[in-house]
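# Structure assessment
Now for the letters of each chain:
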Amino acid sequence: MTFLPKPKLHHPELAENELGLTRRDYEGAISTLCAGCGHDSISAAIVRACYELSLPPHRIAKLSGIGCSSKTPTYFLGAAHGFNSVHGRMPSVLTGANLANRELIYLGVSGDGDSASIGFGQFGHSIRRGVNMLYIVENNGVYGLTKGQFSATADSGAKNKRGLVNQDEPIDLVGLALQLGATFVGRSFSGDKTQLVPLIKAALLHKGAAFIDCLSPCVAFNNHAGSTKSFDYVREHNEAVNFLDVITGREQITAEYEPGSMEVVRTHDGGLLKLRKLADDYDVTDRVAAMNFLQHHRSRGEIVTGLLYVDPVAEDVHGYHNTVDRPLNALDDAELCPGSAQLAKLNASLR
Ligand SMILES: Cc1ncc(C[n+]2csc(CCOP(=O)(O)OP(=O)(O)O)c2C)c(N)n1
Ligand code: SF4
Ligand SMILES: [Mg+2]
C-alpha cells in the first residue's frame, strides 16, 4: 500500500465553509512523515487556507518533485488534481499544465534540495516567466528523504547531526525570487500558523508567480544544536516584518485601521491584504527595498519572515503572451489546428 486513507467519519457539527465543505474535505491520506516533521504543519496550514477561502478542491492542481516535502501533497487536498513529478522537475510540469489550462489553481510544493540544487534552473525560469501559481519550498536545509545531507540552502557554518560543518555559501531562494521578478514573495516558519495560513491564502489569491520559502525543521536530521534550521534556532532568530490578514472581495469590510500601524493593499480581484507593520519603514510594494532589507537582516543573523513583497496589479504568463482565454481541452479541432493556410499566413508575417 503506498498511502493510508483517512477514515471519513467526522463530528456531525464540524463547521462548513461557503461551499458546504468541512475542513476534512480538504485533507488527504494519513501522513507517513516522521512525527513532528515541519512539513506536516505546512500541509495542515494549506488545508486550513483552502478551507477558509472556500476553494473547490477539484479546481486545484497540486504538483511536486521528489523528497519528503514533495510527498506531502498526498496528505492534503485528496480531491485535487495531483502530479508527483521527477526530482526538480515540478516547475516545468506545472508551467505546462498551467499553459494548457489556466482555469485551475496551481500549487507547487518542493523542497530545498528539489528547488535549490537539481531543480535550480527550473525554479528560476518558472518564477521569471510569471507562471500563475503558489510555489512553496519546504526548507529544512537538508535532503531529508536521503538521510540528511546538507542542501544548498544550509547556512555556511551550520553543523550537521554528525558534527560536520558546512563550508559552502547558502542559496537564499527568497532573495532570488525577488531578483527574478516574483510578484508575491514571503517567508514563514512551519511552527507559526498565525503567520503562515494568511500568507498562503494571500499567495493563492495572487495572480502571478507567488513564492513562499517556509522554514520547516527536519526533526530526524536537522533539529540539533548547531543547526540554523532547527525549531529553537528559527524561533530565536525570527524577525517578522508584518502580520497579514486576507479579506476577500466577497466579505463585508468592517475593519478599522489605525493610521501608521496598518498598511492595506488592494489586490486585482478586489480583495484586501491588511498588513500590520512591525518594521515601521517597511514598504511591501518596493522590490529593491525588500532586497536590501533582506540582505541587511541576513548579515545580522536574522531570518526575516512575513510578506516581503507584493505587486498588487501583477500580470502572469498568459497576459505576457496574450494566450487564448479558454483551456486547450475546451477548444475544438479547428481552433486547435487552424490549417495550412493560417500557418502560411503566420510564417509570412514573420518574414
Ligand atoms: C534524479 C534524482 N537524483 C537524486 C535523487 C535522490 N533524492 C531523492 S530526494 C532527494 C533530496 C530531497 O531533498 P529536499 O528536496 O530538500 O526534500 P526533503 O526530503 O528535505 O523534504 C534526493 C537527492 C532522485 N530521487 N532523483
Ligand atoms: S526525514 Fe526529516 S524531512 Fe523527512 S519526514 Fe523525517 S523529519 Fe521530515
Ligand atoms: Mg530538504
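Before any of the text, the structure's been laid out above.
Described below are features of the structure shown in this document. (Residues numbered from 1 in each chain as written. Chains lettered and ligands numbered in written order. Predicted model: local features only at pLDDT ≥ 70, side-chain atom pairs only at ≥ 80, totals over all residues. Heavy atoms only, no water.)

What follows deals with the overall build of the protein. Of the regular secondary structure elements, the protein holds twelve helices and 13 strands. Here the C-alpha atoms of the protein give a radius of gyration of 21 Å, agreeing with the 20 Å that 2.2 N^0.38 yields for 351 residues. Its C-alpha atoms put the protein at 70 × 55 × 50 Å along the principal axes. Burial statistics for the protein: of 351 residues in total, 48% are counted as buried. Taking contacts inside the protein between residues at least 6 apart in sequence as the whole, the part at least 24 apart equals 69%. Side chains of the protein give 33 positive and 38 negative charges; the mean places of these two sets differ by 6 Å. (Helix = DSSP H or I, 4+ residues; strand = E, 2+ residues; numbered from the N terminus. Rg over C-alpha atoms; globule rule 2.2 N^0.38 Å. Buried < 20%, exposed > 50% of the residue type's maximum accessible area, 1.4 Å probe, protein only. Contact = heavy atoms within 4.5 Å. Lys, Arg positive; Asp, Glu negative; His and termini not counted. Charge placed at Lys NZ, Arg CZ, Asp CG, Glu CD.)

Time to look at the side chain of His-206. Assignment of secondary structure puts His-206 in the loop between α7 (193–205) and β8 (209–215). In contact with His-206, not counting residues within four places along its chain, are Asn-132, Thr-183, Phe-184, His-268, Val-310, Asp-311 and Ala-314.

Once that is clear, we can look at the packing of aromatic side chains. The full count for this structure, using the stated rule, is six aromatic pairs. Taken together, a centroid distance of 6.0 Å and an interplanar angle of 75° make the contact between Tyr-26 and Tyr-51 edge-to-face. Of this pair, Tyr-26 sits in the segment before α1 (38–52) while Tyr-51 sits in helix α1, placing them 25 residues apart in sequence. For the pair formed by Tyr-26 and Tyr-51, the shared burial category is buried. Between Tyr-135 and Phe-211 the ring centres are 5.8 Å apart and the planes differ by 65°, which places this aromatic pair in the edge-to-face class. On the criterion of sequence distance, the pair formed by Tyr-135 in strand β4 (residues 133–139) and Phe-211 in strand β8 is long-range, its members being 76 residues apart. Here the two residues Tyr-135 and Phe-211 agree in accessibility, since each one is buried. Ring pairing ties together the aromatic residues Phe-123, Tyr-135 and Phe-211, which thus form one cluster. The cationic tip of Lys-62 hangs over the ring face of Phe-76; the distance from NZ or CZ to the ring centre is 5.8 Å. (Phe/Tyr/Trp six-rings, centres within 6.5 Å; stacked < 30°, edge-to-face > 60°. Lys NZ or Arg CZ within 6 Å of the ring centre and 35° of its normal.)

Every residue near ligand 2 is listed here: Leu-33, Cys-34, Cys-37, His-39, Cys-68, Asn-140, Gly-144, Cys-218, Val-219, Ala-220 and Phe-221. The residue inventory of the shell around ligand 2, partitioned by class, reads eight nonpolar, three polar and no charged. (Near = heavy atom within 4 Å. Nonpolar A, V, L, I, M, F, W, Y, C, P; charged D, E, K, R; others polar.)

Right, let's get into α1. Since the α-helix turns once every 3.6 residues, residues separated by three or four places project in the same direction. Helix length check: α1 (15 residues) gives 21 Å between terminal C-alpha atoms against 21 Å at 1.5 Å per residue, within 8%. Taken residue by residue, α1 has Gly-38, His-39, Ile-42, Ser-43, Ala-45, Ile-46, Val-47, Ala-49, Cys-50 and Tyr-51 as its buried positions. Tucked inside the fold, the buried residues of α1 contact β1 (60–64), α2 (68–71), β3 (105–111), β4, α7 and β8. One or two residues past the end of α1 sits Ser-54, with phi positive at roughly 55°. (Expected span 1.5 Å × (residues − 1).)

So, on to the coordination of the magnesium ion (ligand 3). In the first shell of the magnesium ion (ligand 3), the protein supplies Asp-112 (OD), Asn-140 (OD1) and Val-142 (O), at 2.1 to 2.2 Å from the metal. Linear spacing of the donor residues for the magnesium ion (ligand 3) on their chain is D-x27-N-x1-V. We note that Asn-140, like Val-142, is buried. (Donors = N, O, S within 2.8 Å, 3.2 Å for Na, K, Ca; no water.)

When you line up the elements, Gly-130 lands in the loop between α5 (120–128) and β4. The exposure class of Gly-130 is buried, given its relative accessible area of 7%. On a C-alpha basis, the gap between Gly-130 and Tyr-282 in space is 24 Å, while along the polypeptide they are 152 residues apart. Discounting chain neighbours no more than four positions away, the residues touching Gly-130 are Gly-208, Ala-209, Asp-316, Val-317 and Tyr-320.

Position of Asp-114 among the secondary structure elements: in helix α4 (residues 112–118). The side chain of Asp-114 sits in the buried core without any salt bridge; Arg-89 is the nearest counter-charge, 7.4 Å away. Among the polar contacts listed, one links the side chain of Asp-114 to the backbone nitrogen of Ile-66, at a separation of 3.2 Å. With residues near it in sequence (within four places) discarded, Asp-114 still touches Gly-65, Ile-66, Ser-70, His-87, Gly-88 and Gly-119. (Salt bridge = Lys/Arg side-chain N within 4 Å of Asp/Glu carboxyl O. Polar contact = N/O pair within 3.5 Å; in protein donor to acceptor, adjacent residues only side chain to side chain.)

Once that is clear, we can look at a nonpolar patch on the surface. Residues Val-324, Leu-328 and Leu-336 make up a contiguous nonpolar surface patch of about 230 Å² in total accessible area. With respect to the helices and strands, the residue Leu-336 is situated in helix α11 (residues 333–336). Leu-336 sits in the partly exposed class, given a relative accessible area of 47%. (Patch = residues over 30% accessible without salt bridge, like charges linked within 9 Å, V, L, I, M, F, W, Y side chains within 5 Å. Areas by Shrake-Rupley, 256 points an atom, 1.4 Å probe, with all protein chains shown as cover.)

This part takes up the sheet that holds strand β7 (residues 184–189). Read across the open sheet, the eight strands follow the order β2-β1-β3-β4-β8-β7-β13-β9; overall the sheet is mixed. For this open sheet the edge positions go to β2 (81–84) and β9 (238–240), each flanked by a neighbour on one side alone. The sheet shows a mean angle of 20° between the axes of neighbouring strands, taken without regard to direction. Note that β3 and β4 share five bridges and pair parallel. Each bridged residue has a counterpart across the sheet, and for Val-109 the counterpart in β4 is Ile-136. Packed onto the sheet, α7 meets β3, β4, β7, β8, β9 and β13 (303–310) and runs at close to 160° relative to β7. (Pairing = 2+ DSSP bridges. Axes fitted to C-alpha atoms, helices over the stretch in contact; angles between N-to-C directions.)

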